Amino acid sequence: MSTLTVLLRKEFKQIFRNKTILAISFVAPVVQFLVLPLAANFEIKNINLAIVDHDRSSTSQKLVSQITGSGFFKLVDYSSSFKQAYHLIETDEADLILEIPLDMERNLIRENSAKVFIAVNAINGTKAVIGGNYLNAIIAETNKNILTELMPDVNLNQEIDLATAYWFNPKLNYKISIIPGILAVLVTMIGGFLSALNIVKEKESGTIEQINVTPIRKIDFILGKLIPFWILAMIVFTIGLTLAYLIYDIVPQGNLLVLYSFISVYLLAVLGFGLLISTYCNTQQEAMFLAFFFVMIFILMGGLFTSIDSMPEWAKMITKINPVNYMINVMRLVVLKGSGFRDILPDFAIVLIMAFVLNGWAVLNYRKTS
Amino acid sequence: MNTTSSLSIVRNQLFSFVRKEFYHVLRDKKVLLILFGMPIVQVLLFGFVLSNEVKDTRIIVIDVARDEASRQLITKLGASCYFKIDHISTNENEIEPTFKKGKIKAAIVFPLNFQHDLQHGNSAQVQIITDGTDVNAANTINGYIMSIIQDFSLESNPLQKVSYRIVPEVRMLYNPQLLGAPNFVPGVMAMVLMLVCVMMTAVAIVKEKEMGTMEVLLVSPMRPLLVIISKAVPYLLLSFVNLSVIILLSVYVLNVPVKGSIVLLLSLSALFIITCLSLGILISIQTDSQQAAMFASLIGMLLPTIMLSGFMFPIENMPWPLQLISNIAPSRWYYIIVKDVMIKGAGFSSVWRETLILVGMTIALLAISMKKFKIRLA
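Residues numbered from 1 in each chain as written. Chains lettered and ligands numbered in written order. Predicted model: local features only at pLDDT ≥ 70, side-chain atom pairs only at ≥ 80, totals over all residues. Heavy atoms only, no water.

### Re the overall build of chain B
Looking only at helices and strands, chain B has 14 helices and 5 strands in total. Taking 378 residues into account, the globule formula puts the C-alpha radius of gyration at 21 Å, and chain B, at 29 Å, lies well above it. By its C-alpha atoms, chain B is 105 × 45 × 40 Å across when sized along the principal axes. Looking at the 378 residues of chain B, the share that counts as buried comes to 54%. (Helix = DSSP H or I, 4+ residues; strand = E, 2+ residues; numbered from the N terminus. Rg over C-alpha atoms; globule rule 2.2 N^0.38 Å. Buried < 20%, exposed > 50% of the residue type's maximum accessible area, 1.4 Å probe, protein only.)

### Considering the overall build of chain A
Broken down by element type, chain A carries 14 helices and 5 strands. For a compact globule of 370 residues, the expected C-alpha radius of gyration is about 21 Å, and chain A comes in at 29 Å, more than 25% above that figure. Its C-alpha atoms put chain A at 95 × 45 × 40 Å along the principal axes. The burial tally for chain A puts 56% of its 370 residues in the buried class. Partitioning the intrachain contacts of chain A with sequence separation of at least 6 by distance along the chain shows that 77% fall at a separation of at least 24. For chain A, the exposed area adds up to about 15900 Å²; of that, 62% sits on carbon and sulfur atoms. Charge centroids of chain A, computed over 29 positive and 28 negative side chains, lie 16 Å from each other. (Contact = heavy atoms within 4.5 Å. Areas by Shrake-Rupley, 256 points an atom, 1.4 Å probe, with all protein chains shown as cover. Lys, Arg positive; Asp, Glu negative; His and termini not counted. Charge placed at Lys NZ, Arg CZ, Asp CG, Glu CD.)

### A word on the packing of helix α11 (residues 284–300) of chain A against helix α11 (residues 290–308) of chain B
The N-to-C vectors of α11(A) and α11(B) enclose an angle of 30°; their axes lie 10 Å apart at closest approach. Taken as axis vectors, α11(A) and α11(B) run roughly parallel relative to one another. Crossing of α11(A) against α11(B): the hand is right-handed. Here Gln284(A), Gln285(A), Met288(A) and Phe292(A) of α11(A) come into contact with α11(B), specifically with Gln290(B), Gln291(B), Met294(B), Leu298(B) and Leu302(B). Class assignment of the residues belonging to the contact of α11(A) with α11(B) gives a composition of 5 nonpolar, 4 polar and no charged. (Axes fitted to C-alpha atoms, helices over the stretch in contact; angles between N-to-C directions. Parallel < 35°, antiparallel > 145°, perpendicular 65-115°, else oblique. Left-handed = near helix turned anticlockwise from the far one by under 90°. Nonpolar A, V, L, I, M, F, W, Y, C, P; charged D, E, K, R; others polar.)

### Points about the packing of helix α7 (residues 174–205) of chain A against helix α9 (residues 218–248) of chain A
All names here are of chain A. The interhelical angle for the contact between α7 and α9, taken along N-to-C directions, is 155°, at an axis separation of 10 Å. Put simply, α7 runs roughly antiparallel to α9. The handedness of the crossing between α7 and α9 is right-handed. The residues of α9 that touch α7, namely those facing Lys-175, Ile-179, Leu-183, Val-187, Leu-194, Ser-195, Asn-198, Ile-199 and Glu-202, are Phe-221, Ile-222, Lys-225, Phe-229, Leu-232, Ala-233, Phe-237, Gly-240, Leu-241, Ala-244 and Tyr-248. Residues of the contact of α7 with α9, tallied by class, amount to 14 nonpolar, 3 polar and 3 charged.

### What to know about the nonpolar core
Core analysis: the biggest nonpolar cluster contains 199 residues, and Phe33(A), Phe193(A), Phe237(A), Phe262(A), Ile263(A), Met331(A) and Met189(B) have the highest contact counts within it. It is helix α7 (residues 181–211) of chain B that contributes the most residues to this core, 21 residues altogether. If near-sequence neighbours (up to four positions away) are discounted, Phe262(A) is found in contact with Tyr326(A), Met327(A), Val330(A), Ile344(A), Asp347(A), Phe348(A) and Val351(A). (Core = buried A, V, L, I, M, F, W, Y, C linked by side-chain atoms within 4.5 Å.)

### Observations regarding the interface of chain A and chain B
Chain A puts 107 residues into the contact, and the matching count from chain B is 103 residues. Of the roughly 10100 Å² buried between chain A and chain B on both sides combined, carbon and sulfur atoms contribute 64%. Applying the counting rule to chain A against chain B returns 3 salt bridges. Note that Lys337(A) and Asp131(B) form a salt bridge whose closest N and O atoms lie 2.7 Å from each other. The interface formed by chain A and chain B contains 11 residue pairs in polar contact (both at pLDDT 80 or more). Grouping the constituent residues of the side of chain A that touches chain B by class yields 64 nonpolar, 27 polar and 16 charged. (Buried area = accessible area lost by both parts, 1.4 Å probe. Salt bridge = Lys/Arg side-chain N within 4 Å of Asp/Glu carboxyl O. Polar contact = N/O pair within 3.5 Å; in protein donor to acceptor, adjacent residues only side chain to side chain.)

### Structural notes on the pattern of salt bridges
Applying the stated criterion to the full structure yields 18 salt bridges over all chains. Ionic pairing is found between Lys10(A) and Glu11(A), a salt bridge with its closest N-O pair at 2.6 Å. Here Lys10(A) falls in the partly exposed class, since its relative accessible area comes to 25%. With a shortest N-O distance of 2.6 Å, Lys20(B) and Glu21(B) are connected by a salt bridge. With relative accessibility at 24%, the residue Lys20(B) sits in the partly exposed group. Residue classification places Glu21(B) among the buried residues on the basis of a relative accessible area of 3%. Via salt bridges that share partners, Lys10(A), Glu11(A), Glu202(A) and Lys225(A) belong to a single interconnected network.

### Here we look at the sheet that holds strand β3 (residues 106–110) of chain B
Read from one edge to the other, the open sheet built from 5 strands follows the order β5(A)-β4(B)-β3(B)-β1(B)-β2(B), with strand pairing classed as mixed. The open sheet has two edge strands with one neighbour each: β5 (161–167) of chain A together with β2 (83–89) of chain B. Here the strands of the sheet are splayed against their neighbours by 20° on average, with no regard to which way each runs. When strand β1 (residues 57–63) of chain B meets β3(B), the two strands line up parallel, connected through 5 bridges. Directly across from Ile59(B), in β3(B), lies its bridge partner Ala106(B). This element, helix α3 (residues 68–79) of chain B, spans β1, β2 and β3 of chain B of the sheet and lies at about 145° to β2(B). Lying on the sheet, helix α6 (residues 135–155) of chain B is in contact with β5 of chain A together with β1, β2, β3 and β4 (125–131) of chain B; it crosses β4(B) at an angle near 160°. (Pairing = 2+ DSSP bridges.)

### What about the confidence of the model for chain B?
Averaged over all residues, the pLDDT of chain B equals 82, while 92% of them reach at least 70. For this predicted complex, the interface score ipTM comes out at 0.78, alongside a pTM of 0.80. (pLDDT = per-residue confidence, 0-100.)

### A look at a nonpolar patch on the surface
On the surface, Trp314(A), Ile318(A), Ile321(A), Ile40(B), Leu44(B), Phe48(B), Leu248(B), Tyr252(B) and Val253(B) cluster together to form a nonpolar patch covering roughly 900 Å² of accessible area. If you list the elements that add at least two residues to the nonpolar patch, you get α12 (313–319) of chain A together with α2 (29–49) and α9 (224–252) of chain B. For the nonpolar patch, the element with the most residues is α2(B), which contributes 3 residues. With respect to the element layout, Val253(B) can be found in the loop between α9 and α10 (262–286). (Patch = residues over 30% accessible without salt bridge, like charges linked within 9 Å, V, L, I, M, F, W, Y side chains within 5 Å.)

### Points about the side chain of Glu204(A)
Here Glu204(A) shows up in helix α7. No salt bridge is formed by the buried Glu204(A). Its closest oppositely charged neighbour is Lys207(B), at 4.5 Å. A distance of 2.9 Å separates a polar atom in the side chain of Glu204(A) from a polar atom in the side chain of Gln290(B). When near neighbours in sequence (up to four residues on either side) are disregarded, Glu204(A) contacts Asn282(A), Thr283(A), Gln284(A), Lys207(B), Glu210(B) and Gln290(B).

### Quick look at helix α14 (residues 341–365) of chain A
Compared with an ideal rise of 1.5 Å per residue, which puts 25 residues at 36 Å, α14(A) spans 34 Å between its outermost C-alpha atoms and is within 8% of the ideal. Along its length, α14(A) shows its largest kink, about 35°, at Asp347(A). Where α14(A) is concerned, the buried positions are Asp343(A), Ile344(A), Asp347(A), Phe348(A), Val351(A), Met354(A), Ala355(A), Leu358(A), Asn359(A), Ala362(A), Val363(A) and Asn365(A). If you follow the buried residues of α14(A), they end up packed against α9, α10 (256–280) and α13 (323–337) of chain A together with α4 (95–100) of chain B. (Expected span 1.5 Å × (residues − 1). Bend = angle between axes of the 7 residues up to and from the residue.)

### A closer look at the state of the cysteines
Inspection of every chain in the model, using the stated rule, returns 0 disulfides over all chains. Cys276(B) provides the cysteine sulfur closest to Cys197(B), a residue in no disulfide bond, and the two sulfurs are 5.1 Å apart. (Disulfide = S-S within 2.5 Å.)

So, in structure tokens, the structure goes:
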């Protein structure tokens, strides 16, 4: 045990002496935590709409006022020239064009139906779909109004009344939805990168030889590397959680003990992964790129920005061995939904196994002879 | 010594230095593998794995009604590709625990007398509960459930079919199948070029400082600035290879063709690569250790590329200070250029402003680097 304490003292000294890295590992996450939730706003608002009205009838006027009154759209242009509207799409000033053809009102009354054309700039798929949906919903509403006006006797009540509720985030606040995930990503990046660079730095500067000639056991050496970064990452996580409360007013709904017990095991897995990379590499450059490569894939496939349900089956299999996926899931469950330990037990068990496998592998792969 | 022979000496020196750098790059097999593997994996990930669609979302149905109408509607929900019914239950208390296990994203409740209410003109109620922790998914899921139920109510109520209605006809421009690819291919290009040019260049130069070999290079007869430039050349070529791989993958695997002029795309990409290289050189001059250079390029460059270029997150949603900051991220302008030229097929006339900004940035970065560059290290 005393070997370990000596090693730990050495590691802590090295960490505290390197002011740049220390500053980066605290300041960077804090800054990101302040900036990312502001930047990562997928809320679809300010959809810019250009209306081309060839009809200029009372019905078209009604439709236009209905649309502008909805609050979803910003009317950037109202003209009779499709060419002009199309140019606005080309320059990214408009996202949607609504074209009301000539005789729309007349067709509506004579033939019971009339067409309007919607052209969507679909490069940004989400915005296109949601914008189109809003417009469709407004047109459906206008239809209903026209119907009651023209056929007052029809009973419109014969339809299903839909009561919607959003649980755990009733106002659909985007920040609430994204912050637990961002915290998960930050802790993963800090832990993964720092631990990946650590052993390899000793290799590059040659100091690892000095350790290799001592009777220090392999497991002590790995633990000596693991524990300081574990503490560091725990502190970063705690700071993040505090900031989430102070700035974004997010209080974990579940038990903090449940949360921390999961995080502590999760960090062991992430740090183990970093150390494993470190034992395989010979230069910091290699380690950095390898760590970056995997962490990037882990984060992209972690289910924070896109849903795992929509992935193809083979990709779903991969997400099963992705630790970030479990972390993001548990953060959402415990922080936002207030799940208890029994709910997250499957995730906990899997991450625990990962921690053992990765660290065991790192110990085995660390060779004292080169 | 006449000028032509001294020029040829400089050329020979430069050539041998560039060759030395190529050896450095090509000998490190792991880094090389990742440099080429990264863009391929990213394109495939974004092309086939990551999407904003809603598909196979797990839902729970609480069918208290248990009548013909509710059963029909449940079949309709289960048959759509959007939803997978986790299970059907009659107990409303099951909703919360199932949400807390993270197994479902939505719950639909049919109350007692659903069919009776529906047929007798009292509006029948259906309750939709969606998991709000993932906002955009919640919106989309809710929309799909609502449209399925409305379809059903329209079918079961023939009277509503005859009516005056305006029928919208929707046309999707540029990207009719609503693929994610046209949106992210430009982003992946910006990200990979940034990674290769900024991070690799910065680290490679700082590494010589850290190992002490920089001193050796600086006392050689080669001009110090040329030493630095020759370090950047291999990465220039590497990034061109990467660029071609991404474009080929996007054309032949993802079916996203280059709509505009390929020459314009490549020459503006070359400009962006030079901007990135000068940024990498500046970082390498300012930092002393590999770790510092890595973190500076990672946190200072790569994250802003991902966050502020408009590729992942829409710029118009950001608060104005961030929008202001996003202006100094070179990738923001490159992203616009690629989107306009490659996806929309625009010509130089519509991207000259972005080009000019990149040129200005490059000149500024190089000027600062020259000024900060010191021949002596200590």
